[in-house]
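Overview (structure and organization)
The lines below spell out each chain.
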Amino acid sequence: PRHQACSSGEMGAWAEGLALQPCLRIMQHLLPQLEQFCAAGNVNDENIVVDFLKTTTMVGLLPVPHPILIRKYQQNEFTSLWFTTYIWGVIYLRNQAPACFDAAHIRLFTISYVDA
């Protein structure tokens, strides 16, 4: 497939939509520490730098995540239909190994509720 090149305006609009603040904040915090660490010792292996980064804390740098909202399940006609279909599908598929159900003889039907 052919790839279409993006113009600088399109690239700028795409870049503005990226959430780069957390990355920039971490880089601003870690870069001076990393430069000081490298200047203080003879660092010639990337594993030494990786070990240093593993021991560095970033507590308080990133924004606090939003709280998780817990919503109570509210049953309705569509979710009940989906759940019933899903459960019967799982029951059917899980019982195919010993062939409890013969697919040629299964007939689908609906149940209608009538108010008395």
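What counts as what
- Sequence order as written defines the numbering, with residues in each chain counted from 1.
- Local features in a predicted model are, by the rule used here, given only for residues with pLDDT of at least 70; side-chain atom pairs are given and counted only at 80 or more, and totals for whole chains, interfaces and linings are based on all residues.
- Heavy atoms throughout the structure, all of them, feed into the side-chain values; hydrogens and water do not.
- Lining residues are those with an atom within 4 Å of a point, where the points come from a 1 Å grid over the protein atoms alone and group into cavities, where a 1.4 Å probe fits but cannot get out, or pockets, open sets with protein on both sides within 12 Å along at least five of seven lines.
- Grid points are joined across faces, edges and corners, and a volume is the space filled by probe spheres set on the points.
- Only Asp, Glu, Lys and Arg are considered charged in this grouping, and only Ala, Val, Leu, Ile, Met, Phe, Trp, Tyr, Cys and Pro are considered nonpolar; every other residue, Gly among them, is considered polar.
- Only DSSP runs of H or I reaching four residues or more are called helices, and only runs of E reaching two or more are called strands; each is numbered from the N terminus.
- Buried residues are those whose accessible area, probed at 1.4 Å on protein chains only, stays under 20% of the maximum for their type, while exposed residues exceed 50% and partly exposed ones sit between those limits.
- N or O atoms closer than or at 3.5 Å make up a polar contact, with two conditions inside protein: a donor-capable atom paired with an acceptor-capable one, and, for residues adjacent in sequence, both atoms drawn from side chains.
- Throughout, a residue-residue contact means that at least one pair of heavy atoms, one from each residue, lies within 4.5 Å.
- Between rings of Phe, Tyr and Trp, where Trp is taken as its six-membered ring, a pair exists when centres lie within 6.5 Å; planes separated by under 30 degrees are stacked, by over 60 edge-to-face, and by other angles tilted.
- A patch is a set of surface residues, each over 30% in relative accessible area and not in a salt bridge, joined within 9 Å for like charges and within 5 Å for the nonpolar side chains Val, Leu, Ile, Met, Phe, Trp and Tyr.
- Computed by Shrake-Rupley with a 1.4 Å probe, the accessible areas treat only the displayed protein chains as cover when residues are assessed.
- Any Lys or Arg side-chain nitrogen found within 4 Å of a carboxyl oxygen on Asp or Glu counts as a salt bridge.
- Each residue carries a pLDDT score, the predictor's confidence in it, ranging from 0 to 100.
- Multiplying 1.5 Å by the residue count of a helix minus one yields the expected span of that helix.
- Here the axes come from fitting lines to C-alpha atoms, over the contacting stretch only for helices, and the angles between their N-to-C directions go from 0 to 180 degrees.
- The cut-offs work like this: below 35 degrees is roughly parallel, past 145 is roughly antiparallel, 65 to 115 is roughly perpendicular, and the gaps in between are oblique.
- Left-handed describes a crossing whose near helix is turned anticlockwise from the far helix through less than a right angle; right-handed describes the clockwise counterpart.

**A short note on the layout of surface pockets**
By volume, the largest pocket is sized at about 850 Å³. As for the largest pocket, its lining consists of 19 residues, of which T84, T85, W88, L108 and F109 are closest to the centre. Per-class residue counts for the lining of the largest pocket are ten nonpolar, seven polar and two charged.

**Comments concerning the side chain of T56**
Note that T56 resides in the loop between α3 (46–55) and α4 (77–94). A relative accessible area of 15% means that T56 is categorised as buried. Among the polar contacts listed, one links the side chain of T56 to the backbone oxygen of F52, at a separation of 2.7 Å. Among residues more than four places away in sequence, those in contact with T56 are L30 and Q33.

**Things to note about the packing of aromatic side chains**
Applying the stated criterion across every chain, the model contains two aromatic pairs. Judged by centre distance (4.4 Å) and plane angle (10°), the ring pair of F37 and F52 falls under stacked. Of this pair, F37 sits in helix α2 (residues 21–40) while F52 sits in helix α3, placing them 15 residues apart in sequence. Residue classification places F52 among the buried positions, given a relative accessible area of 16%.

**Re a nonpolar patch on the surface**
On the surface, M11, W14, L18, L20, L24 and M27 cluster together into a nonpolar patch covering about 600 Å² of accessible area. Taken together, the elements giving at least two residues each to the nonpolar patch come down to α1 (8–16) and α2. Here L18 lies in the loop between α1 and α2. In this structure L18 comes out as partly exposed when scored by relative accessible area, which is 36%.

**Concerning the confidence of the model for the protein**
Looking at the protein as a whole, the pLDDT averages 84, with 92% of positions reaching at least 70. Predicted confidence in the protein is weakest over α1, with a mean pLDDT of 87, and strongest over α3, with 90.

**Section: α4**
Under the 1.5 Å per step criterion, the end-to-end length of α4 is 26 Å for 18 residues, consistent within 8% with the ideal 26 Å. Put simply, N76 is the residue that caps the front of α4, since its side-chain oxygen is 2.9 Å from the backbone nitrogen of F78.

**Thoughts on the packing of α2 against α3**
As a packed pair, α2 and α3 sit with axes 11 Å apart at the nearest point and diverge in direction by 135°. With respect to their mutual orientation, α2 and α3 come out oblique. At the point where α2 passes α3, the crossing takes the right-handed sense. Residues L30, Q33, L34 and F37 of α2 lie in contact with α3, whose contacting residues are I48, V49, F52 and L53. Tallied by class, the residues present in the contact of α2 with α3 amount to seven nonpolar, one polar and no charged.

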